[in-house]
Amino acid sequence: MGGTSDDELSRKFLAAIQVGDVCSGIVAAVTPRGVSVILEGFAVRPLGFVGSLDLSWVRFSAAAVEVGDQITAEVTAIDLEQGRAWMSMAATENPELWAFLKTLRAGELLSGQIGSIERFGVFVALDDGPDHPVFPGVGFITIPELSWRHFETASDVVQVGQRVRCEFLQFDTTNGEARLSLRATQPDPFQTFAETTTVGQTLQGRVTKLVPFGVFVQVTNDIEGLVHLQELTWTSVEAPELVVQVGDEFTVIVTEIDRERRRLSLSRRQASTALD
C-alpha cells in the first residue's frame, strides 16, 4: 500500500527524457509494426518503440534487428499518457545527415543539382548537404511540387545535372530527405489569373478532360476550370460525353475563384443565357 505504481514510475522516467536525446536499450520484441525497447535505466517494461520505417534508411533492414540486440536510437517524440518514447535508429545510423536535416527551416532556399528523375519525383544533390546513404540526393521534389503548370513527365520540367534552387518544405524522417518545392520559387499562374479575373466574367475555353461529375476546360495556357455536370446545359444529362467531347471549344462564365485551394468553377449553361 502506498507504493508507486509502474505507470507513475514510467511517466517519471520518460519526463526526464527530451526529444533529441540519444538512448540505448535492449530489443524486447520485433513485430511488423516495429521494435519495442527496454530502455537503459528502466527494466520494468519496454518504454521505447522504433517504428518499422524508422529502423533504417537502408531498405529491408528489419531482419537485422533481433530480440536481445543492444540498440541506440534518437528520441523523436514522448507520449506520457501512453508511457512511450518514440525513437529512430535511422537517426543514429547517419548522424551527420540527421544533424544537417534538423538545421533546415521551412521556407529556406536550397541549391543543388538534379541527381535522378524517377516516376514518383526528383532527387536533388544539395550543395551544402552530405551524401545520402541510399538515394542519389538528400533533397527530394515530389511530382506536384515541380511546377505550377501541367506537364506529362518530370523530364518535361527538369533534366539530370540541371542546377535548381528550391524551397525547403519539411524533414522527411522516414527516408532521411529534405522535401523540396521547385514550384514555390516560381510565380503561381493561378494567383495571377485570379487578380485579373472576376466572377461573372465570360471566357473562351477548350475541353481537356471528361470526368463523371463534369468537364475540365482550359481557359488560358496555364489555367483549367471545372464545369460541373449540372452547369453544362439547361437540360439534365447523366454523363458529360452526351453533351461535349475533349477538344470542344465554347464560352463559359466564371462562377467561383477559390484562391486558397486554387480551384476555378465555370458554367457553360449560364454563358449560353448571357449570350442570348
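Residues numbered from 1 in each chain as written. Predicted model: local features only at pLDDT ≥ 70, side-chain atom pairs only at ≥ 80, totals over all residues. Heavy atoms only, no water.

**Q** For this particular structure, what's the right way to read the sheet that holds strand β12 (residues 214–218)?
**A** Pairing between the strands of a sheet comes from backbone hydrogen bonds, and it takes one of two forms, parallel or antiparallel. One closed barrel accounts for five strands, arranged β11-β12-β13-β15-β14; its pairing is mixed. Within the sheet, the average angular offset between the axes of one strand and its neighbour, ignoring direction, is 50°. Pairing between β12 and strand β13 (residues 224–228): five bridges, direction antiparallel. Across the sheet, Gln218 pairs through a bridge with Glu224, a residue of β13. (Pairing = 2+ DSSP bridges. Helix = DSSP H or I, 4+ residues; strand = E, 2+ residues; numbered from the N terminus. Axes fitted to C-alpha atoms, helices over the stretch in contact; angles between N-to-C directions.)

**Q** I tried to follow the nonpolar core on my own but got confused; where do I start?
**A** Proteins that are soluble and globular tend to have nonpolar side chains buried together. In this structure, Val122, Val124, Leu126, Ile141 and Leu180 are the most contacted members of the largest nonpolar core, which totals 25 residues. Looking at this core, the elements with two or more residues in it are α2 (90–93), α3 (95–103), β6 (109–118), β7 (121–126), β9 (163–172) and β10 (177–181). In terms of residue count, α3 provides more of this core than any other element does, four residues in total. When near neighbours in sequence (up to four residues on either side) are disregarded, Leu180 contacts Leu110, Val124, Leu126, Gly139, Phe140, Ile141, Glu145, Cys166, Glu167, Phe168 and Leu169. (Core = buried A, V, L, I, M, F, W, Y, C linked by side-chain atoms within 4.5 Å. Buried < 20%, exposed > 50% of the residue type's maximum accessible area, 1.4 Å probe, protein only. Contact = heavy atoms within 4.5 Å.)

**Q** Explain the confidence of the model for the protein here, please?
**A** Low-pLDDT portions of the prediction should not be read for the details of their coordinates. With 95% of its residues at a pLDDT of 70 or more, the protein has an overall mean of 91. Within the protein, the element-level pLDDT minimum falls on helix α5 (residues 269–275), averaging 76, and the maximum on strand β8 (residues 139–142), averaging 98. (pLDDT = per-residue confidence, 0-100.)

**Q** In this structure, what is going on with unusual backbone geometry? I would like to understand it.
**A** Excluding glycine, residues mostly have negative phi values, and the peptide bonds linking residues are mostly trans. We note that Arg262 has phi near 55°; this positive angle belongs to a residue other than glycine. Here Arg262 shows up in the loop between β14 (249–258) and β15 (263–267). In this structure Arg262 comes out as partly exposed when scored by relative accessible area, which is 27%.

**Q** What is the right way to look at the pairing of β13 in this model?
**A** Each regular strand shows side chains that alternate between the opposite faces of the sheet. Side chains of β13 alternate between two faces, with Gly225 and Val227 buried and Glu224, Leu226 and His228 left unburied. Hairpin connection between β12 and β13: a loop of five residues separates the two successive antiparallel strands. As judged from the two bridges shared by β13 and β15, these two strands associate in the parallel manner. The residue bridging Leu226 from the neighbouring strand is Ser265, located in β15.

**Q** Quick question: what am I supposed to make of the side chain of Asn175 here?
**A** Checked against the element boundaries, Asn175 lands in the loop between β9 and β10. Reaching out from Asn175, the side chain makes a polar contact with the side chain of Asp172 at a distance of 3.0 Å. (Polar contact = N/O pair within 3.5 Å; in protein donor to acceptor, adjacent residues only side chain to side chain.)

**Q** Help me understand the sheet that holds β8, please; the structure alone is not making it clear to me.
**A** If you trace the five strands once around the closed barrel, you get β6-β7-β8-β10-β9, paired in mixed fashion. Recorded for the sheet is a direction-independent mean angle of 50° between the axes of neighbouring strands. Of the pairings in the sheet, the one linking β8 to β10 comprises three bridges and is parallel in character. From the neighbouring strand, Ile141 faces β10, where its bridge partner is Leu180.

**Q** What is the right way to look at the layout of surface pockets in this model?
**A** What the largest pocket holds in volume is close to 760 Å³. In terms of lining residues, the largest pocket is bounded by 28 residues, among which Phe216, Ile223, Glu224, Gly225 and Arg262 are the most central. Of all the secondary-structure elements, those providing two or more residues to the lining of the largest pocket are β11 (202–211), β12, β13, β14 and β15. Here the lining of the largest pocket is composed, by residue class, of 10 nonpolar, eight polar and 10 charged. (1 Å grid on protein atoms, 1.4 Å probe; cavity = no way out; pocket = protein on both sides within 12 Å on 5 of 7 lines; lining within 4 Å. Points joined across faces, edges and corners; volume = space filled by probe spheres on them. Nonpolar A, V, L, I, M, F, W, Y, C, P; charged D, E, K, R; others polar.)

**Q** Is there a simple way to think about the pairing of strand β4 (residues 70–79) in this case?
**A** Pairing between strand β1 (residues 22–31) and β4: five bridges, direction antiparallel. Paired with Val22 across the bridge in β4 is Glu74. Across five bridges, the pairing between β4 and strand β5 (residues 84–88) is antiparallel. Bridged to Asp79 within β5 is Arg84. The turn linking β4 back onto β5 is made up of four residues, and Gly83 within it adopts a positive phi angle of 70°.

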